[in-house]
Protein chains: 2
Amino acid sequence: MTQRPAVLIMQRHLAPLSPILQSAYDVYRFWEGPPIEAAHDIRALIVAGEAPLDKGLIERLPALDLIACFTSGYDGIDIDWCRQRGLPVTHAPGVNHEDVADHALGLILAARRQIVAGDRQVRSGGWTAETRSITPSLGGQKLGVVGLGAIGAAVARRAETFRMDVSWWGPRPKAAEWPRADSLSALAEASDILVVACKADETNRGLISREVLQALGPDGLLVNVARGQLIDEDALIDMLKSGALGQAALDVFMEEPTEPSRWADVPNLVLTPHTAGATTAGVQGMLMLLMQNLQAHFADQPLKTPVE
Amino acid sequence: MTQRPAVLIMQRHLAPLSPILQSAYDVYRFWEGPPIEAAHDIRALIVAGEAPLDKGLIERLPALDLIACFTSGYDGIDIDWCRQRGLPVTHAPGVNHEDVADHALGLILAARRQIVAGDRQVRSGGWTAETRSITPSLGGQKLGVVGLGAIGAAVARRAETFRMDVSWWGPRPKAAEWPRADSLSALAEASDILVVACKADETNRGLISREVLQALGPDGLLVNVARGQLIDEDALIDMLKSGALGQAALDVFMEEPTEPSRWADVPNLVLTPHTAGATTAGVQGMLMLLMQNLQAHFADQPLKTPVE
């Protein structure tokens, strides 16, 4: 046994953190097999906040005294359950909301101005002397933002530069420069483009229901840069196929990685592999907060960015 | 012969104008065969300004007294030659520069944030539990605008919203809120992203030369929403293949439609079929100016938007 605290990385896509963490900690990787021999040493779990946390595992780690989310979101974690066990949770807020908003605008442009479809058309020889694609101008389109947090507000600011008319809805009124719709359905009904930018938790699973998608309608574009569970994904697929919904551009999915066959026959769709917040700058910011939270925790100092 | 003036539409992709023009004019379509029987009646040519104008044809149309470009650009037309013949040229300025700028940002986001590549990755099953793509943040990237006209300035304003640092170059100094580089090479050298947004004419063919692309370099992104002839396209292809240039996103090409095989083995590339300015709103605006110019011309009124 060593004097260095032991930490366990849960998700395989967080493997690049391993060499950095090893500078200060004994690092175990869950996908290499459950750390049975180190079960009594592990003090912290390093997790992606969107992944469901295995409570059974936590109960088998008696020395565990920190859950450190690499991400800003922590929707996979039952915060109340952790609080009852006296188990603090940290995360990485405020480091990538601008990048997520950039990506949301990228998805709007890719879908509305047919950039992904246009690239496919040019490469397949579908651009001929007879064809000239006309795409809709963004000017004057009505953008509805679901959830006016840091990401939602950053999306709204960008949308104004693109001459869109912005409104928003969230469960609680707040001071904002854009008007709040009376309800989510009213927002969808009034919007050409709906961007989902809210925090996901157990209370708002399936928030973007079939009814909301119907209100958005056959010319509407749904953009999701929040979490897959916020959307009734089966309804979304049905409605894209039938034309009841115009377009969708998704960075997040019910299951990640999402199964390609699920989307093969679905038209008017842009898909990205959960990259909205995973930028060089964002990842550096998240890494810095992770290291600061771990260091503070093991030095018995106040945590840098705990989940309140 | 009829009392209505005869007009000749030159390019096949302008065919949708035909029914609208027929409300007031006798309309001939060049691709249906040269209008030999109407050669003495045709008063106006309706053209796409980027297509090279056939001077021989003009000399065979004795009644011709107007060249009406449907587009804003008129780089296919030898304005001096027309002026010498007393042949006025009209175009459609100021109706789609905001849409072109939107598309330029869409191309930057599609390339830098890997939206086109990400869509391909998700659909092909390339997104797995082991992979997590990290893309570069736009924040702090240095954007160089080549040509600070209406489009260039609109690109610059949008880029600031995305936290990019803007500078520009054009042959003539002008009052602007962004700094002007000493030369095009200096701009390319200092830029992460170079957006070509200048007017094309015979003086600037091949302006974006191999040397300029080399200055932009292996991490650089070239975006072209102006005209294909502005770029040494063969050098661009070589340099993308060798990695001497990082990425390109092109809406315009040396020849249009461009041959897909030309781009098949070229990496780090986003292609769209000259759609930047072809929006619903842009096309409506162009159509309105075209009709106003024709009407003014045939009523002996001052032209609405002549090329000066």
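Along each chain, residue indices are assigned from 1 in the same order as the chain's sequence is written. Both sets of labels track the order of writing: A upward for chains, 1 upward for ligands. The predicted origin of the model limits local features to residues at a pLDDT of at least 70 and limits the giving and counting of side-chain atom pairs to 80 or more, whereas totals for whole chains, interfaces and linings rest on all residues. Only hydrogens and water are set aside when side-chain values are computed; all heavy atoms of the structure are taken into account.

Per an unreviewed UniProt entry, chain A goes by the name Lactate dehydrogenase-like 2-hydroxyacid dehydrogenase and belongs to Brevundimonas aurantiaca. Among the UniProt annotations of chain A, the heading Sequence similarities (unreviewed entry) holds the following wording: "Belongs to the D-isomer specific 2-hydroxyacid dehydrogenase family." UniProt positions are given in the numbering used here, feature names are shortened, and annotations may be inferred rather than shown by experiment.

A short note on the sheet that holds strand 6 (residues 142-146) of chain B
All names here are of chain B. Two strands pair if DSSP finds at least two bridges between them. By the criteria applied, helices consist of DSSP H or I runs no shorter than four residues and strands consist of E runs no shorter than two, each listed in order from the N terminus. Spatial strand order, 7-6-8-9-10-11: six strands in an open sheet with parallel pairing. Every other strand in the sheet has two partners, leaving strand 7 (165-169) and strand 11 (269-271) as the edge strands with one partner each. Neighbour to neighbour, the strand axes of the sheet diverge by 15° on average, direction disregarded. Of the strand pairs in this sheet, strand 9 (residues 221-224) and strand 10 (residues 247-250) are connected by four bridges, and their pairing is parallel. Along strand 10, the bridge assignment pairs Val-223 with Ala-249. Each of strand 6, strand 8 (193-196), strand 9, strand 10 and strand 11 is contacted by helix 4 (residues 97-112), which is oriented at about 150° to strand 9, the strand it contacts most. Axes here refer to lines fitted to C-alpha atoms; in helices the fit is confined to the stretch in contact. Angles between the N-to-C directions go from 0 to 180 degrees. By definition in these notes, contact holds between two residues if any of their heavy atoms fall within 4.5 Å.

Notes on the interface of chain B and chain A
Counting residues at the interface gives 59 residues for chain B, matched by 59 residues for chain A. Buried surface at the junction of chain B and chain A, both sides included, amounts to about 5,200 Å², of which 62% is carbon and sulfur. By buried area we mean how much accessible surface two parts lose on assembly, using a 1.4 Å probe and totalling the loss over both. Sorting the residues of chain B by area buried against chain A places Arg113(B), Trp127(B) and Arg132(B) first, and these three jointly supply 14% of that buried surface. Here a salt bridge means any side-chain nitrogen of Lys or Arg lying within 4 Å of a carboxyl oxygen belonging to Asp or Glu. Across the contact surface, chain B and chain A share 12 salt bridges.

Details of the UniProt feature "domain: D-isomer specific 2-hydroxyacid dehydrogenase catalytic" (unreviewed entry) in chain A
Those residues carrying the UniProt feature "domain: D-isomer specific 2-hydroxyacid dehydrogenase catalytic" (unreviewed entry) are residues 36-307 of chain A in this numbering. With 34% helix and 14% strand, the stretch residues 36-307 of chain A has end C-alpha atoms that lie 29 Å from each other.

As for the packing of helix 5 (residues 115-124) of chain A against helix 5 (residues 115-124) of chain B
Interhelical geometry of helix 5 of chain A versus helix 5 of chain B gives an angle of 75° and a closest axis separation of 9 Å. Here helix 5 of chain A is positioned roughly perpendicular relative to helix 5 of chain B, judged by the angle of their axes. Taking contact as the criterion, the partners of Ile115(A), Val116(A), Asp119(A), Arg120(A) and Arg123(A) in helix 5 of chain A are, on helix 5 of chain B, Ile115(B), Val116(B), Asp119(B), Arg120(B) and Arg123(B). Classifying every residue of the contact of helix 5 of chain A with helix 5 of chain B by side-chain character gives four nonpolar, no polar and six charged. In this scheme, roughly parallel covers angles under 35 degrees and roughly antiparallel covers those over 145, while 65 to 115 is roughly perpendicular and the rest are oblique. In this classification, Asp, Glu, Lys and Arg are treated as charged, Ala, Val, Leu, Ile, Met, Phe, Trp, Tyr, Cys and Pro as nonpolar, and every other residue, Gly included, as polar.

Looking at the side chain of Thr305(A)
Residue and element names in this part refer to chain A. Inspection of the secondary structure assignment puts Thr-305 in the segment after helix 10 (280-298). Throughout, exposure labels follow a simple rule: accessible area from a 1.4 Å probe, protein chains only, divided by the maximum for the residue type, with under 20% read as buried, over 50% as exposed, and the rest as partly exposed. Looking at Thr-305, the relative accessible area reads 14%, which means it is buried. Aside from chain neighbours lying at most four places away, what touches Thr-305 is Thr-90, His-91, Pro-93, Leu-289 and Asn-293.

Thoughts on the sheet that holds strand 7 (residues 165-169) of chain A
All names here are of chain A. Read across the sheet, six strands follow the order 7-6-8-9-10-11 without closing on themselves; strand pairing throughout is parallel. Among the strands making up the open sheet, the edge pair consists of strand 7 and strand 11 (269-271). Pairs of neighbouring strands in the sheet enclose a mean axial angle of 15°, with direction left out of account. Direction of pairing for strand 6 (residues 142-146) relative to strand 7: parallel, over a ladder of five bridges. Looking across to strand 7, one finds that Val-146 is bridged to Trp-169. Packed onto the sheet, helix 4 (residues 97-112) meets strand 6, strand 8 (193-196), strand 9 (221-224), strand 10 (247-250) and strand 11 and runs at close to 150° relative to strand 9. Helix 6 (residues 150-161) contacts strand 6, strand 7 and strand 8 of the sheet and is inclined by roughly 170° relative to strand 6.

As for the relation of the copies chain B and chain A
Here the copies were fitted onto each other by least squares, based on C-alpha atoms from residues at pLDDT of at least 70 in both. Screw-axis analysis of chain B against chain A gives a translation of 0.0 Å along the axis, an RMSD of 0.0 Å, and a rotation angle of 180°. The two molecules are tied by a two-fold rotation axis, judged by turn and shift. When you check the interface residues of chain B against chain A, 100% turn up at the interface there too, and the contact is symmetric in its surfaces.

Overview of the nonpolar core
Nonpolar core, defined: a set of buried Ala, Val, Leu, Ile, Met, Phe, Trp, Tyr and Cys residues in which side-chain atoms within 4.5 Å join the residues together. Ranked by size, the top nonpolar core spans 68 residues in total, and within it Ile108(A), Leu143(A), Ile108(B) and Leu143(B) carry the most contacts. Apart from residues no more than four positions distant in its own chain, Leu143(B) is found in contact with Ile108(B), Val155(B), Ala159(B), Met164(B), Asp165(B), Val166(B), Ser167(B), Ser191(B), Ile193(B) and Val195(B). Grouped together as the second largest cluster of nonpolar side chains are 34 residues, Ala181(B), Leu194(B), Ile231(B) and Leu250(B) included.

Description of the packing of aromatic side chains
For any pair of aromatic rings, the description rests on two quantities: the centre-to-centre distance and the angle between the ring planes. All names here are of chain A. Pairing of aromatic rings covers Phe, Tyr and the six-membered ring of Trp, with a centre-to-centre limit of 6.5 Å; geometry is then stacked below 30 degrees between planes, edge-to-face above 60, and tilted otherwise. Within the structure shown, the criterion is met by seven aromatic pairs over all chains. Summarising the aromatic geometry, the rings of Tyr-25 and Phe-298 are spaced 5.5 Å apart at their centres and angled 45° between planes, so their arrangement reads as tilted. Residue Tyr-25 is located in the loop between helix 1 (18-21) and strand 2 (26-29), and its partner Phe-298 is located in helix 10; the two are separated by 273 residues in the primary sequence. Looking at Tyr-25, the relative accessible area reads 6%, which means it is buried.

Description of the domain arrangement of chain A
All names here are of chain A. Domain annotation for chain A reports domain 1 (6-95 + 280-298) and domain 2 (97-271). Taken over C-alpha atoms, the centre of domain 1 sits 32 Å from the centre of domain 2. Facing the eight residues of domain 1 at the interface are six residues of domain 2. Around 540 Å² of area is buried between domain 1 and domain 2 when both sides are counted, 36% of it from carbon and sulfur atoms. Considering only the surface of domain 1 that becomes buried against domain 2, Glu-50, Tyr-74 and Asp-75 emerge as the three largest contributors, covering 64% of it. Throughout the structure description, domain borders are defined by an automatic or database domain assignment.

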